[in-house]
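Each chain is listed here by its residues.
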Amino acid sequence: MAGHEAGEAFLLIEEDRLVEPLTALGGQGEIGAMVEVRAVGRGDAVPVAAMLTIGGDAVMPPAPVHLTAQPTADGWAFGWTRRSRNGWRWASGGDVPLGEESERYAVTVLDGGAVARAAESTMPQWQYDAAMIAADGVAGRALVLDVRQVGTRAIGRAARIDFTA
């Protein structure tokens, strides 16, 4: 399933196969809520029950793609292609609506495991200029840029690219 790492367990619940809505199973149907899921398989005399936490992958915006890093005279220019939960392509070739209230991205510069700078962008691009690099004390260091789309209900998974400040 898209969005999951190889070997990571997940449960796909098809709404038309539910006997009761998720809210009737003990949760509020919100991300982080606990629900009891009962299933009957072949040969089961009674349902098998499990408690699960709703992860919310369906409301999470997809990770940006085609992340690029270009050195400039004044630092680095980053760009990416945004993706939508609301469809993938207009027949006319125009831009697809995001399916979110606004277009926002959480941009993080990582120096090893430490955050060197956190910022936000309202466009699928961001500039890391020489003044920021100097203020962050990372000139000449190998860094990682982490970009996540900020959705109406959740923040998406990361797109990452390595660069040297």
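Higher on the page you've got the structure.
> For this particular structure, what's the right way to read the pairing of strand β3 (residues 65-72)?
On any regular strand, side chains alternate: one points to one face of the sheet, the next to the other face. Examined bridge by bridge, β3 and strand β4 (residues 75-81) share 6 bridges and lie antiparallel to one another. Within β4, the residue paired with Gln70 across the bridge is Ala77.

> What should I look at first to understand the side chain of Asp129 in this one?
With respect to the helices and strands, the residue Asp129 is situated in strand β7 (residues 125-129). Within the buried set, Asp129 has no salt-bridge partner at all; the shortest N-O distance to an opposite charge, 6.7 Å, is to Arg117. Engagement of the side chain of Asp129 in a polar contact is seen with the backbone nitrogen of Ala131, the distance being 3.1 Å. Polar contacts involving the side chain of Asp129 include one to the main-chain amide nitrogen of Met132, which spans 2.9 Å.

> What am I meant to see in unusual backbone geometry here?
Most peptide bonds are trans, and most residues other than glycine sit at a negative phi. Even without a glycine there, the phi angle at His66 is positive, about 55°. On the basis of relative accessibility, which here comes to 61%, the residue His66 falls in the exposed class.

> How do you make sense of the side chain of Ser121 when you look at a structure like this?
As for its placement among the helices and strands, Ser121 is situated in strand β6 (residues 114-121). Only 2.8 Å separates the side chain of Ser121 from the backbone oxygen of Gln125, close enough to count as a polar contact. Contacts of Ser121, omitting those with residues within four sequence positions, involve Glu103, Arg104, Tyr105 and Val107.

> Please explain the nonpolar core as it appears in this structure.
One finds Phe78, Trp80, Trp126, Tyr128, Leu145 and Phe163 to be the most contacted residues of the largest nonpolar core, which totals 18 residues. Those elements that place two or more of their residues in this core are β3, β4, β5 (105-111), β7, β8 (142-149) and β9 (159-164). Residues in contact with Leu145, not counting those within four places in the same chain, are Leu67, Phe78, Val107, Thr108, Val109, Trp126, Ala159, Arg160, Ile161 and Phe163.

> Is there a simple way to explain the packing of aromatic side chains in this structure?
Geometrically, a pair of aromatic rings is defined through the distance of the ring centres and the angle of the planes. Scanning all chains against the criterion turns up 7 aromatic pairs. Note on Trp76 and Phe78: the rings are 6.3 Å apart at their centroids and 20° apart in plane angle, and the pair reads as stacked. Relative to Tyr105, the ring of Trp80 has its centre 5.3 Å away and its plane inclined at 70°; by these criteria the two rings are edge-to-face. With Trp80 in strand β4 and Tyr105 in strand β5, the pair connects residues that are 25 residues apart, well separated along the chain. For the pair Trp80 and Tyr105, a shared accessibility class is recorded, and that class is buried. The rings of Trp76, Phe78, Trp126, Tyr128 and Phe163 are connected pair by pair, giving a single aromatic cluster.

Calculation rules
Residues numbered from 1 in each chain as written. Predicted model: local features only at pLDDT ≥ 70, side-chain atom pairs only at ≥ 80, totals over all residues. Heavy atoms only, no water. Pairing = 2+ DSSP bridges. Helix = DSSP H or I, 4+ residues; strand = E, 2+ residues; numbered from the N terminus. Buried < 20%, exposed > 50% of the residue type's maximum accessible area, 1.4 Å probe, protein only. Lys, Arg positive; Asp, Glu negative; His and termini not counted. Salt bridge = Lys/Arg side-chain N within 4 Å of Asp/Glu carboxyl O. Polar contact = N/O pair within 3.5 Å; in protein donor to acceptor, adjacent residues only side chain to side chain. Contact = heavy atoms within 4.5 Å. Core = buried A, V, L, I, M, F, W, Y, C linked by side-chain atoms within 4.5 Å. Phe/Tyr/Trp six-rings, centres within 6.5 Å; stacked < 30°, edge-to-face > 60°.

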